[in-house]
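Working through the structure, step by step
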Amino acid sequence: KQDYKKTKPILRATKLKAEAKKTAIGVKEVGLLLAAILALLLAFYACFYLRLSTDVDPGLEPDED
């Protein structure tokens, strides 16, 4: 009976550790999330850059000083 009492907290700790491991966010998931956010920001920036770079004033000459 004493052996059972000794192993019960150990079993409980092992169970809690396993549950925490299941629910924890891994490094791979965090990296994928950051990569997706970075890709969206770059796409957003590229859209605005291309839109603003093509809207050149037609009355302005390129060699004007």
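Please read all numbers here as calculations on a predicted model, not as lab measurements.

**Section: the UniProt feature "transmembrane region" (unreviewed entry) in the chain**
- Per the UniProt annotation, the sites labelled "transmembrane region" (unreviewed entry) are residues 30-52.
- Helix makes up 100% of residues 30-52 and strand 0%, with an end-to-end C-alpha separation of 33 Å.

**Thoughts on the packing of aromatic side chains**
- Applying the stated criterion across every chain, the model contains 2 aromatic pairs.
- Pairing Phe 44 with Phe 48 gives two aromatic rings, centres 4.8 Å apart and planes at 75°, and the pair type is edge-to-face. Taken together, the positions of Phe 44 and Phe 48, both in helix H2 (residues 27-54) and 4 residues apart, correspond to about one turn of that helix.
- Residue class for Phe 44 comes out exposed when judged on its relative accessible area of 51%.
- Overall, Phe 48 belongs to the partly exposed group, its relative accessible area being 43%.
- An angle of 20° between the planes, with centres 6.3 Å apart, marks the rings of Tyr 45 and Tyr 49 as stacked. Residue Tyr 45 and its partner Tyr 49 are located together in helix H2, separated by 4 residues, close to a single helical turn.

**Quick look at a nonpolar patch on the surface**
- Together, Ile 25, Val 30 and Leu 34 give the surface a local cluster of nonpolar side chains, amounting to about 310 Å² of exposed area.
- For Leu 34, the position within the fold is in helix H2.
- Judged by relative accessible area, Leu 34 falls into the exposed class, the value being 55%.

Each value, and the rule that gives it
Residues numbered from 1 in each chain as written. Predicted model: local features only at pLDDT ≥ 70, side-chain atom pairs only at ≥ 80, totals over all residues. Heavy atoms only, no water. UniProt positions renumbered as here; feature names shortened; annotations may be inferred. Helix = DSSP H or I, 4+ residues; strand = E, 2+ residues; numbered from the N terminus. Phe/Tyr/Trp six-rings, centres within 6.5 Å; stacked < 30°, edge-to-face > 60°. Buried < 20%, exposed > 50% of the residue type's maximum accessible area, 1.4 Å probe, protein only. Patch = residues over 30% accessible without salt bridge, like charges linked within 9 Å, V, L, I, M, F, W, Y side chains within 5 Å. Areas by Shrake-Rupley, 256 points an atom, 1.4 Å probe, with all protein chains shown as cover. Salt bridge = Lys/Arg side-chain N within 4 Å of Asp/Glu carboxyl O.

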